[in-house]
Amino acid sequence: MIMKKILFFALCGLSVFTGANAQDSEKSLKEAYKDYFMIGVAVNQRNISDSMQSSLVRREFNSITAENDMKPVSVHPEEGKWTWEKADRIANFCRQNGIKLRGHALMWHNQMCEWMFYDKQHNLVSKEVLFERMREHIHTVVNRYKDVVYCWDVFNEAIKDGPRNPEGMDQPLRESTFYKICGNDEYIRKAFQFAREADPNAILFYNDYNECDPVKRDRIYEMVKEMKAAGVPIDGIGMQGHYNIYGPSEEDIEAAVSKYAEIVDHIHVTELDIRVNKEMGGQLRFSRNENAKITEEQKQMQEVKYATVFRVMRQHADKMDCVTFWNLSDRDSWLGVNNYPLPFDKEYKPKNAYRVIRDFGNK
Ligand code: XIL
């Protein structure tokens, strides 16, 4: 009898053990990272309607960003005209599945409501008119999704690329139409104030690319630091994370997160992908690598880079709240399928890079 009992418990133990093991090896990304940060994905309409794709989204991710459907031009193409259908579908998908939604983006020089900048004669409006239009836009969008959106990219990509001015003062701002109208950074400050007014509970981000480049990193750091000191409600910095297999280096990624962590309590990697050519960043002109096949060496390098990014981010889990991939699979990637930038391939199957990320590979 005693022997039987021992055998019974031993078997139970064994089955619990193998059960845990089996589960472990099938762990999803969000489960693997639950003690560190959320794992997000940028979605298009197919990703949330196709049953295979949407179950993959539900299984792997606990934060969603609308790839395009909440951007200014998508929801507010003309003065007084609001087009909510696609954004609503994404918000409803999140509500129904208990997935958190990152709002992206309230203000950006691309995919912007161009009409906001001009009067009926197509002259630039005054900054007062621009601010009033921004206020109405930001209040309306933020209010509509308040119940489900937990954070917003309030201003996207306001800092310019390129080296510092060797002669004297560095003008850090992108020379966008916002800048042309205002002549200084007031439009950024206003955007954050309007977002805070509209939702005091949302976490408000400044989001940018090439954020690990030391020159651009310092411009972002200095701007956010100075604005926070002046009372502008910026809670977080979004590191877009459009990287490639060659860079940025571990040292540059580490240095950027550490610097940002000095001035904000929330850091997100907002748009992670690792392409196989030498381009990087958020510029909308890039090579789609037509017909290029990924080589074994490139695959390895991509795995190393993904391992590095996630290792650094895990080390900063105290301030890192969420790491979001920009798109679900290589097929969906804005960079084109032949840049092979994501952990899921064009058939939505996990690559080895997926396992490296999930299993905390230290390549
Ligand atoms: C991209 C989308 O993925 C594309 O579909 C669209 O054509 C252009 O914008 N930085 C950002 C994202 O903040 O919104 C951009 O998304 C990629 C660069």
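Reading guide: rules and limits
- Residues numbered from 1 in each chain as written.
- Predicted model: local features only at pLDDT ≥ 70, side-chain atom pairs only at ≥ 80, totals over all residues.
- Heavy atoms only, no water.
- Helix = DSSP H or I, 4+ residues; strand = E, 2+ residues; numbered from the N terminus.
- Buried < 20%, exposed > 50% of the residue type's maximum accessible area, 1.4 Å probe, protein only.
- Contact = heavy atoms within 4.5 Å.
- Areas by Shrake-Rupley, 256 points an atom, 1.4 Å probe, with all protein chains shown as cover.
- pLDDT = per-residue confidence, 0-100.
- Near = heavy atom within 4 Å.
- Polar contact = N/O pair within 3.5 Å; in protein donor to acceptor, adjacent residues only side chain to side chain.
- Nonpolar A, V, L, I, M, F, W, Y, C, P; charged D, E, K, R; others polar.
- Expected span 1.5 Å × (residues − 1).

K.L.:
For this particular structure, what's the right way to read the overall build of the protein chain?
P.N.:
Helix and strand counts for the protein chain stand at 13 helices and nine strands. Residue burial in the protein chain is summarised as follows: out of 363 residues, 55% are buried. In the protein chain, once contacts between residues fewer than 6 apart in sequence are set aside, the share between residues at least 24 apart is 77%. Summed over all atoms, the accessible surface of the protein chain reaches about 16200 Å², with 52% contributed by carbon and sulfur.

K.L.:
Got a minute to help me understand unusual backbone geometry in this structure?
P.N.:
Among all residues except glycine, the phi angle is most often negative; among peptide bonds, the trans geometry is most common. With an omega dihedral of -10°, the bond running from His-104 to Ala-105 counts as a cis peptide bond. Here Ala-105 shows up in strand S3 (residues 100–108). The omega angle of the peptide bond from Gly-247 to Pro-248 is 0°, so this bond is cis rather than trans. Note on placement: Pro-248 falls in the loop between strand S7 (242–244) and helix H11 (250–263). Located in the positive-phi region is Gln-111, a residue other than glycine, with phi close to 45°.

K.L.:
What exactly am I supposed to notice about the confidence of the model for the protein chain here?
P.N.:
Parts of the prediction with low pLDDT should not have their coordinates interpreted in detail. When pLDDT is averaged across the protein chain, the result is 93; 93% of the residues are at 70 or more. Below a pLDDT of 50 lies the segment residues 1–24, which in the model reaches zero contacts outside its immediate sequence neighbourhood of four places, other chains included.

K.L.:
Please clarify how the environment of Ile-138 should be interpreted in this entry.
P.N.:
Here Ile-138 lies in helix H7 (residues 127–145). Classification of Ile-138 by relative accessible area gives buried; the value is 0%. Note: C-alpha distance between Ile-138 and Gly-247 (109 residues apart in sequence) is 35 Å. Here Ile-138 is in contact with Leu-106, Met-107, Ala-191, Phe-194, Ala-195 and Ala-198, once residues within four sequence places are set aside.

K.L.:
I tried to follow the site of the ligand on my own but got confused; where do I start?
P.N.:
Among the 15 residues in the neighbourhood of the ligand, the closest are listed as Glu-67, Lys-71, His-104, Asn-156 and Glu-271. Take Glu-67: an N or O atom from its side chain is 2.5 Å from an oxygen atom of the ligand. Between the ligand and the protein, one listed contact pairs an oxygen atom with a side-chain N or O atom of His-104 at 2.7 Å. Residue composition of the shell around the ligand, grouped by class: four nonpolar, seven polar and four charged.

K.L.:
What exactly am I supposed to notice about H7 here?
P.N.:
Since the α-helix packs 3.6 residues into each turn, any two residues three or four apart lie on the same face. With 19 residues, H7 extends 27 Å from end C-alpha to end C-alpha; this agrees with the ideal 27 Å at 1.5 Å per step. Along H7, the positions that sit buried rather than exposed are Leu-130, Phe-131, Arg-133, Met-134, His-137, Ile-138, His-139, Val-141, Val-142 and Tyr-145. For H7, the elements touching its buried residues are helix H5 (72–75), helix H6 (85–97), S3, strand S4 (149–156), helix H8 (177–182) and helix H9 (186–198).

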